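# Report on the structure
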Amino acid sequence: MFVYADNAATTAMSPAALEAMTTALRDVYGNPSSLHQKGQEAADALAEARATMAKYLGAQPREIYFTGCGTEADNWAIRFAAHEGAAKGKRHLISTPIEHHAVLHTLAVLEKEGFEVTYLPVYDNGVVRPEDLEAAIRPDTALVTVMYANNEIGSIQPISQIGEICHKHGVLFHTDAVQAAGHLPINVVEQHIDMLSLSGHKFHAPKGVGALYCRKGIPLKPFIEGGAQERGKRAGTEALPSIIAMSVAFREACEHMEENARKVGAMRDRLIEGLSKIPYSRLTGDPVNRLPGMVSFCFEGIEGESLLLRLDLAGICASSGSACTSGSLDPSHVLLAIGLPHEIAHGSLRLSLCEYNTEEQVDYMLEQVPQVVRTLREMSPVWAHMMETRENPYKD
């Protein structure tokens, strides 16, 4: 059996999004900036896609800017807000240690430029406490950037409370919603969100297209110079077929969100219940307030890379954390931030599901993962050393 359980890394395109993209590649090939018939046809399609994205975010179309990916949107929002704040004498930023590296690396660059960053604690469930944010805000705070839901452990942040606190203190609030968009309800007005980043390939749209929401009234500065595209804020001819496909996939995901969440959440809970029976296993992330499809565990006595390779041989595509750091041998910064020691964090597994997964696939994973964990432990000198001081659950 083949099981794709790495949907947090990327998703397969939905048939509707693929059809929309194929049609656009064939028929809507004009440049939206051109005045002729084909150009205006493309401009109309671009406007329709922008309106669709705005509708399901609770935003206005003019507040949506199309980007090449979520990473670009993160960089754009954070750099703009930081430099806008610096012009007013505000050089303090607030974030968390479990952000995606698109955020963390941008903040690191800004720190080299003289900005000060406060990283809020996230505790063992990976969730920010609003009172910690309230205490961290200062008169010179320019921006708070906290991800909507974590890409490794699935914990969902109290976004509405964070936004309310930020607005009370007159501080801009940005959220990286790459993992949340299309999977969790979002209303940027009701949740007091000033800027939001998303990426199409996390909800069955193609790779290479994303969006930035920026609230009306915020004087967003251009991120890429050149032409007048995206109302002069982001130069470069728009990737119209990808944008159209993203809007179709986003509409589809949002309109079926409740039923998808019920289906995927039930499979997630069954996986969590079954994998929790593996001796010396640990669920990571908030046990309840987590993404519908996110299953994340650490297994003592094994290496995550070996686990992934064995699962791949069994036909199961999984990960040990963010795909953006898969080449690193260091333990996940997210797992270390929630207090796991290095030796446990090394044995991590992330199974991320979507509505395309089936109950039969869950059965297969519940059969294969425990077998692979046991096999690796029987080969591991680390496990043997552990069992010198503990009772071996596998002994006959």
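Look above for the structure.
For the structure given in this document, a descriptive report is provided here.

## Some details on the pairing of strand E3 (residues 92-95)
Every regular strand shows the same layout, with side chains that alternate between the two sheet faces. Along E3, one buried face is formed by His 92 and Ile 94 and the opposite face, lined by Leu 93 and Ser 95, is buried too. Of the crossover connections in this fold, the one passing from E3 over helix H4 (residues 101-112) to the parallel strand E4 (residues 116-119) is right-handed. Two strands pair when backbone bridges link them, and E3 and strand E5 (residues 141-145) are joined in this way by 3 bridges, in the parallel orientation. If you follow Leu 93 over to E5, its bridge partner there is Leu 143.

## Things to note about the sheet that holds E5
With mixed pairing, the 7 strands of this open sheet are ordered in space as E2-E8-E7-E6-E5-E3-E4. Each of the sheet's edge strands pairs with one partner strand only, and the pair in question is strand E2 (64-67) and E4. Each adjacent strand pair in this sheet contributes to an overall mean axis angle of 20°, direction not counted. When E3 meets E4, the two strands line up parallel, connected through 4 bridges. If you follow Leu 93 over to E4, its bridge partner there is Val 117. Sheet strands touched by helix H3 (residues 70-86): E2, E3, E5, strand E6 (172-176), strand E7 (195-199) and strand E8 (210-214). Its angle to E7, the strand with the most contacts, is close to 160°.

## Topic: the environment of Leu 349
Tracing the backbone shows Leu 349 in strand E12 (residues 348-352). With 197 residues separating them along the chain, Leu 349 and Glu 152 place their C-alpha atoms 9.2 Å apart. Ignoring anything within four residues of it in the chain, the contact list for Leu 349 reads Val 295, Ser 296, Phe 297, Phe 299, Leu 307, Leu 308, Leu 311, Ala 318, Ser 319, Ser 320 and Val 369.

## A closer look at unusual backbone geometry
Look at His 204: it is not a glycine, yet its phi comes out positive at around 75°. Checked against the element boundaries, His 204 lands in the loop between E7 and E8. The backbone of Glu 230 sits at a positive phi, close to 50°, despite the residue not being glycine. Accessibility expressed as a relative area gives 4% for Glu 230, which makes it buried.

## With respect to the pattern of salt bridges
Think of it this way: side chains of opposite charge can pair up when their charged atoms draw near. Scanning the entire structure with this criterion turns up 15 salt bridges. Residue Arg 215 pairs with Asp 194 through a salt bridge whose shortest N-O separation is 2.7 Å. With Arg 215 in the loop between E8 and helix H7 (240-255) and Asp 194 in the loop between E6 and E7, this residue pair connects regions lying 21 residues apart in the sequence. Looking at Asp 194, the relative accessible area reads 1%, which means it is buried.

## Thoughts on H3
Between its first and last C-alpha atoms H3 spans 24 Å; for 17 residues at 1.5 Å apiece the expected length is 24 Å, and the two agree. Where burial is concerned, most of H3 is hidden: 13 out of the 17 residues are buried.

## Remarks on the packing of helix H8 (residues 257-275) against helix H12 (residues 359-379)
Interaxial distance between H8 and H12 falls to 10 Å at its minimum, and their mutual angle equals 20°. Of the possible angle classes, the one that applies to H8 and H12 is roughly parallel. The hand of the H8/H12 crossing is right-handed. Between H8 and H12, the residues in contact are Met 267, Arg 270, Leu 271, Gly 274 and Leu 275 and Glu 359, Val 362, Asp 363, Met 365, Leu 366, Val 369 and Pro 370, respectively. Classifying every residue of the contact of H8 with H12 by side-chain character gives 8 nonpolar, 1 polar and 3 charged.

## A few points about the sheet that holds strand E9 (residues 281-283)
Taken together, the 3 strands give an open sheet; going across it, the order is E9-E10-E12, and neighbouring strands pair in antiparallel fashion. Of all strands in the sheet, those with a lone pairing partner are E9 and E12, marking the two edges. Here the average twist between neighbouring strands, direction ignored, is 25°. In the packing of H8 onto the sheet, contacts are made with E9, strand E10 (294-299) and E12, and the angle to E10 comes to roughly 10°. Sheet strands in contact with helix H9 (residues 304-313) are E10 and E12, and its direction is about 45° off that of E12.

## Description of the side chain of Glu 355
Structurally, Glu 355 can be placed in the loop between E12 and H12. The buried charged residue Glu 355 lacks any salt bridge partner; its closest oppositely charged side chain belongs to Lys 263, at an N-O distance of 7.4 Å. Engagement of the side chain of Glu 355 in a polar contact is seen with the side chain of His 204, the distance being 3.1 Å. Apart from the residues lying within four places of it in its own chain, the contact partners of Glu 355 are His 204, Asn 260, Lys 263 and Val 264.

## Things to note about the packing of aromatic side chains
Under the definition given, this model contains 7 aromatic pairs. Consider the rings of Tyr 280 and Trp 383, whose centres lie 5.7 Å apart with planes at 70°: the pair is edge-to-face. Of this pair, Tyr 280 sits in the loop between H8 and E9 while Trp 383 sits in helix H13 (residues 381-386), and the two are 103 residues apart along the sequence. Taking relative accessible area as the criterion, Trp 383 reaches 4% and is therefore assigned buried.

Procedures and definitions
Sequence order as written defines the numbering, with residues in each chain counted from 1. At least 70 in pLDDT is required for a residue's local features to be given in this predicted model, at least 80 for side-chain atom pairs to be given and counted, and no such filter applies to totals for whole chains, interfaces and linings, which use all residues. Water and hydrogen atoms play no part in the side-chain values, which are based on all heavy atoms of the structure. Each residue is assigned to one of three classes by its accessible area relative to the maximum for its type, calculated with a 1.4 Å probe on protein chains only: buried under 20%, partly exposed between the two thresholds, exposed over 50%. The helix and strand labels rest on DSSP assignments: H or I over at least four residues marks a helix, E over at least two residues marks a strand, and numbering proceeds from the N terminus. The path from the first strand over the helix to the second decides the hand: if it runs clockwise while the strands point away from the viewer, the crossover is right-handed. Two strands form a pair only when DSSP identifies at least two bridges running between them. Here an axis means a line fitted to C-alpha atoms, over the contact stretch when the element is a helix, while the angle between two N-to-C directions is reported on a 0 to 180 degree scale. Contact criterion: two residues are considered in contact whenever any of their non-hydrogen atoms come within 4.5 Å of each other. Salt bridges are defined by distance alone: a side-chain nitrogen of Lys or Arg within 4 Å of a carboxyl oxygen of Asp or Glu. One fewer than the residue count of a helix, multiplied by 1.5 Å, yields its expected span. We call two directions roughly parallel when the angle between them is under 35 degrees, roughly antiparallel when it is over 145, roughly perpendicular when it lies between 65 and 115, and oblique otherwise. The sense of a crossing depends on the near helix, which, turned anticlockwise from the far helix by less than a right angle, makes the crossing left-handed and, turned clockwise, makes it right-handed. Residue polarity follows a fixed list, in which Ala, Val, Leu, Ile, Met, Phe, Trp, Tyr, Cys and Pro are nonpolar, Asp, Glu, Lys and Arg are charged, and the others, Gly among them, are polar. Under this rule, positive means Lys or Arg and negative means Asp or Glu; His and the chain ends count for nothing. Between N or O atoms, a polar contact is any pair within 3.5 Å; within protein, one atom must be a potential hydrogen donor and the other a potential acceptor, and residues adjacent in sequence are included only when both atoms are from side chains. Between rings of Phe, Tyr and Trp, where Trp is taken as its six-membered ring, a pair exists when centres lie within 6.5 Å; planes separated by under 30 degrees are stacked, by over 60 edge-to-face, and by other angles tilted.

The quantities given are spatial measurements derived from coordinates; they are silent on function.
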